[in-house]
Every structure is written in structure tokens, then in C-alpha cells.
Amino acid sequence: DGKPLSANPFKDRRVREALSLSIDRDAIRDRVMNGLAFPSGQIVTVGTGGYADDIPVPPYDPERAKALLAEAGYPDGFGMTLHCTNDRYANDAKICQALGQMFARIGVKTEVVTLPSSAFFPVVNPAQGEGLSIALLSWAASSSGEADMLTHVIQTYNAEAKTGTWNLGRYSNPEVDKLIDQLNRIADPAERHARQAEVMRLIMKDVAAIPLHDQAVVVASRKDILYTPMPDETSLAILATKK
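Residues numbered from 1 in each chain as written. Predicted model: local features only at pLDDT ≥ 70, side-chain atom pairs only at ≥ 80, totals over all residues. Heavy atoms only, no water.

> Give me the lowdown on the nonpolar core, citing residues and values where you can.
Side chains that are nonpolar tend, in soluble globular proteins, to be buried together. One finds Ile28 and Phe103 to be the most contacted residues of the largest nonpolar core, which totals 36 residues. For this core, the secondary-structure elements that each account for two or more residues are helix H1 (13-21), helix H2 (25-32), helix H3 (62-71), strand E2 (79-85), helix H4 (92-105) and helix H5 (117-124). With six residues, H4 is the largest single contributor of residues to this core. Apart from the residues lying within four places of it in its own chain, the contact partners of Ile28 are Ile23, Met33, Ile95, Ala98, Leu99, Met102, Leu212 and His213. (Core = buried A, V, L, I, M, F, W, Y, C linked by side-chain atoms within 4.5 Å. Buried < 20%, exposed > 50% of the residue type's maximum accessible area, 1.4 Å probe, protein only. Helix = DSSP H or I, 4+ residues; strand = E, 2+ residues; numbered from the N terminus. Contact = heavy atoms within 4.5 Å.)

> Can you lay out H5 for me, pointing to particular residues and giving the numbers?
All of the buried residues along H5 are Ser117, Phe120, Phe121 and Val124. The arc that holds every buried residue of H5, seen down its axis, measures 90 degrees, which confines them to one face. Tucked inside the fold, the buried residues of H5 contact E2, strand E3 (109-115) and strand E4 (134-135). (Arc of directions from axis to C-beta.)

> Talk me through the sheet that holds E3; I want residue IDs and the actual numbers.
Here we have three strands laid out as an open sheet, ordered E3-E2-E4, and parallel in their pairing. Since the sheet does not close on itself, it has two edges, and those belong to E3 and E4, each with one partner. Sheet topology note: the E2/E4 ladder contains two bridges and is parallel. Bridge pairing in E4 places Leu82 opposite Ile134. Contacts between H5 and the sheet are confined to E2, E3 and E4, with E2 contributing the most and set at about 135 degrees to the helix. (Pairing = 2+ DSSP bridges. Axes fitted to C-alpha atoms, helices over the stretch in contact; angles between N-to-C directions.)

> Hey, could you go over the packing of aromatic side chains for me, with residue numbers and the actual values?
A complete count under the given rule lists five aromatic pairs for this structure. With centroids separated by 5.3 Å and ring planes inclined at 65 degrees, the aromatic side chains of Tyr74 and Phe78 adopt a geometry described as edge-to-face. Judged by its relative accessible area of 16%, Tyr74 falls in the buried class. Geometrically, the ring pair formed by Phe121 and Trp166 is edge-to-face, given 5.6 Å between the ring centres and 90 degrees between the ring planes. Here Trp166 lies in the loop between helix H6 (149-154) and helix H7 (174-183) and Phe121 lies in helix H5, a separation of 45 residues in the sequence. Ring pairing ties together the aromatic residues Phe120, Phe121, Trp139 and Trp166, which thus form one cluster. If you follow Arg170 out to its NZ or CZ, it ends over the ring of Tyr157, 3.8 Å from the centre. (Phe/Tyr/Trp six-rings, centres within 6.5 Å; stacked < 30°, edge-to-face > 60°. Lys NZ or Arg CZ within 6 Å of the ring centre and 35° of its normal.)

> Residue-level account of the state of the cysteines, with values.
Scanning the entire structure with this criterion turns up one disulfide. Here Cys84 connects covalently by a disulfide to Cys96, the sulfurs 1.8 Å from one another. In this structure the cystine formed by Cys84 and Cys96 twists about its S-S bond by roughly -100 degrees; its chirality is therefore left-handed. Note that Cys84 is positioned in strand E2 and Cys96 in helix H4, a separation of twelve residues in sequence. Cys84 gets classed as buried once you look at its relative accessible area, which sits at 0%. (Disulfide = S-S within 2.5 Å.)

> Please set out unusual backbone geometry residue by residue, giving values where relevant.
Even without being glycine, Lys162 reaches a positive phi, approximately 60 degrees. Within the secondary structure, Lys162 sits in the loop between H6 and H7. For Lys162, a relative accessible area of 61% gives the class exposed.

Structural data, given as C-alpha cells:
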């Protein structure tokens, strides 16, 4: 009814899972992204340290989503504001309009606010502005291919330790924090990536974030040139070879 809620619904895992199940990722890929996206069930892409190939893409199940909301104490849903950029990711504003409609179908009345990046980040960053309820964000792995977003996006915000600097939703899980601290001290890449994957399974089970898709990298080349795109969208001349 437009009044503040007595409790934050997003602190209930069932609510977070309900929102995830309400998203038809295939429809967004096909109708919004023109097929140039890869629906995902985790927050790193294949080929990146920490990717776990046994994490499935969440199914589209609005009926299950409604049931979870009811179990969590929101049989009639609730209202929220979804913040998004309109100039940063491919079709970002259109994606958010689609998400708003999908959330509304399970009873979560969603106001979609789209802003230029220059206005978006100061508003949604609780260290600078008012903060947010839910927002569309993306993250690219560092050039080393590590799942560094575990430290920056998932770990509890701590200004002194410089963790969670992009954890704008202020998700906090002490068990996850401890595991991330441990894996960041592992020198062997194979072991470190395996531990990162363990953390990925844990946070996705907890729905610490709601994955949407990996954005396709689109390039064009001459027909006699073979070019292998980089997942971080960098363009390197050494990647071009003659057929």
C-alpha cells in the first residue's frame, strides 16, 4: 500500500529465490538481447576461475515463485524499486523493463528507474547516496581470469579491509567471508579456482545475487581473418590470425 515494510523482504532467502524463479531468462535472451546472451546460474562466466559447471540455470517457474513468497509471509507480494542504467550494458533499460513485468506477474509491484551511469552509481551506492533495494549490475573478471568479484561484490562491506566495495546490496554472510579470505591466500591456481567454485556453489544456493546472463561479445572481421574474441571485450591484434 506504499508504506515502508516492517522487515526487509530480501533478507529472506525464499524471497530472493522467488524473484530468480520469476525471470524467464530465455525470453530475455531471445526477445531483448536478440539471441546475443547466455542465460546463467552463477555470477562468473565459463572460463573464469571460480566457475562451477554443476550450477544449473534457474528455471522459469512463476507458480513456485508465488508459493515461496507466500511461505515467506508475502502472499500478496510487495512493492519495490528496480534501479538500472540506460547507457552501460547492451539493452540495459529494456532488460529492466522486462524484469519489472516478470516480477509484477508474481505479485511484486516493481517501479523501474533507469538512469545514466553518471547519475546511477552515486544514487545506488550506500556509501555515497541513498542506497537501493535491487539493481541491475554487471562485473567483468580481472585480466588474470580470477573470480575477484567474490571479494568486491559478495564479501561483507568493510571500508578498512577494502572488501565488498561493490557490495551495493550489503549482502553479508560470515561463513562466505571466511572462505573468501582463505582462498585469497592460496597460491596454486588450480586449488584456488576449485575453492572459488565451492564458494560460488554456496552463494548461489543462498541466492546472494540473482544471475541473469553473460553478454555476448560481438566482433566482425574480414573473411580471410580468424579472430578469437576475449570474454572481457578487449581487442588484441595478436588474437587475429590468417585463415
